[in-house]
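What follows is each chain in one-letter form.
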Amino acid sequence: MLEELAAQGHELPQLILDYRSVSKLRSTYTEKLPTLIHPATGRVHTSYHQAVAATGRLSSSDPNLQNIPVRSPEGRRIRRAFIPADGHVLLAADYSQVELRIMAHLSGDEGLKKAFAAGEDIHAATAAEVFGGRPAEVTADQRRAAKAINFGLIYGMSAWGLARQLGIERGEAQDYVDRYFERYPGVREFMDNTRSSARDKGYVETVFGRRLYLPEINSRNNQRRQYAERTAINAPMQGTAADIIKRAMIAVDDWIRRDAPETALVMQVHDELVLEVPAGSEEKMAEKIRGFMADAAELDVPLEVEIGVGENWETAH
DNA sequence: GGTTCAAGCGCG
DNA sequence: AAAGCGCGCTTGAACC
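Structural notes, computed from the coordinates. In this text, all values refer to a predicted model and were calculated from it rather than measured experimentally.

Details of the packing of helix H4 (residues 98-107) against helix H5 (residues 110-117)
At a closest axis distance of 8 Å, the pairing of H4 and H5 adopts a crossing angle of 135 degrees. As judged from the angle between their axes, H4 and H5 are oblique. You can see that H4 and H5 cross each other, and the crossing is left-handed. Taken together, the residues of H5 that come into contact with H4 (itself represented by Leu100, Arg101, Met103 and Ala104) are Leu112, Lys113 and Phe116. Class assignment for the residues of the contact of H4 with H5 results in five nonpolar, no polar and two charged.

See below:
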């Protein structure tokens, strides 16, 4: 793996990775998107598909606008090309930690629910529980490790995977996981119950009852069965998040049709809605959108929405 | 000219 | 032996 070699300080692997990265940005975005501008509208138009992703997410293609770069500075320059119509500004509204909130709801874990109710930085709170100390005293490394644990839980990751991700020994990663489950016993119960229920019923479901069937959950092939088990853990969280943002989109659309004809819902990126709103109306619009998104479901923890406004998709974040 | 596959990488 | 969920696009190789 080039990443491992690069992490050890070797220059050539890093050079290759850097080349691949800029090459990807150039071929997929910088050189391609301008050729896809529709002559009649002056915009790029994606297609959203409602029956592709097994979890109930939308997918986007031709072009895919759900994978526009954002993680690197070079990538973010591409986001600046996404601008609103004249007289409008872009408004980007993201659910904050929605899948972990859903995990808190589904598991009923008191510690996790309490952390979200208190509006804590969830990764810092997790780090404080796992490593000891107060959330405010958590080190950057501890928070990074806790974040990896939190994401790993959503994906059904093993201690081996966590060790690999964090570059630590397997035993140490297992200690982290053990301590996590000591502190958040409801989460372990939820994981066990989810696997067990999936084996009995052959499917898992979201908070709103949409099912994903898992025909390989009882396979004698370990690899296939374990894959199905990870899917069983992940799908209720990813799928419930998908259900929630779809409900929010319907509420937003109803409101736009009734009361905000100058506003347009222009993109959805799994936990984010992007709108163009008339310049000058952004503060009022932001609170409207926040309300629709936060009220799209009544969970045992609050849904929080982060909203930014800007003259392009980069500055709106 | 086309299709299919795997590898690799962009995003949540 | 494998080992972290869900997607779509580009590239290059193999093939028709």
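Quick notes on the side chain of Thr263
Here Thr263 lies in the loop between helix H11 (222-259) and strand E6 (264-268). Assessed through its relative accessible area of 4%, Thr263 is described here as buried. Residues in contact with Thr263, not counting those within four places in the same chain, are Trp255, Ile256, Leu275, Glu276, Val277, Pro278 and Met285.

Notes on the sheet that holds strand E3 (residues 88-95)
The sheet built from four strands is open, its strands ordered E6-E7-E3-E8 with antiparallel pairing. Both edges of this open sheet fall to E6 and strand E8 (305-310), since each of them pairs with a single strand only. Between one strand axis and the next, the sheet turns through 25 degrees on average, direction left out of account. As paired elements, E6 and strand E7 (residues 272-278) share four bridges and run antiparallel to each other. Paired with Ala264 across the two strands is Glu276, which belongs to E7.

Some details on the protein's contact with DNA strand B
In the region of DNA strand B, 18 residues are neighbours, and Arg20, Lys24, Val70, Arg71 and Asp271 sit closest. At the protein interface, 67% of the atoms of DNA strand B within 4 Å belong to sugar or phosphate. The side chain of Lys24 places a nitrogen or oxygen atom 2.8 Å from a base nitrogen of DNA strand B. A distance of 2.7 Å separates a phosphate oxygen of DNA strand B from a polar atom in the backbone of Val70. The dominant element in the surface near DNA strand B, judged by the number of residues it contributes, is helix H2 (residues 11-30), at five residues. Of the residues in the surface near DNA strand B, the class split is seven nonpolar, six polar and five charged.

Analysis parameters
- Residues numbered from 1 in each chain as written.
- Chains lettered and ligands numbered in written order.
- Predicted model: local features only at pLDDT ≥ 70, side-chain atom pairs only at ≥ 80, totals over all residues.
- Heavy atoms only, no water.
- Axes fitted to C-alpha atoms, helices over the stretch in contact; angles between N-to-C directions.
- Helix = DSSP H or I, 4+ residues; strand = E, 2+ residues; numbered from the N terminus.
- Parallel < 35°, antiparallel > 145°, perpendicular 65-115°, else oblique.
- Left-handed = near helix turned anticlockwise from the far one by under 90°.
- Contact = heavy atoms within 4.5 Å.
- Nonpolar A, V, L, I, M, F, W, Y, C, P; charged D, E, K, R; others polar.
- Buried < 20%, exposed > 50% of the residue type's maximum accessible area, 1.4 Å probe, protein only.
- Pairing = 2+ DSSP bridges.
- Near = heavy atom within 4 Å.
- Polar contact = N/O pair within 3.5 Å; in protein donor to acceptor, adjacent residues only side chain to side chain.

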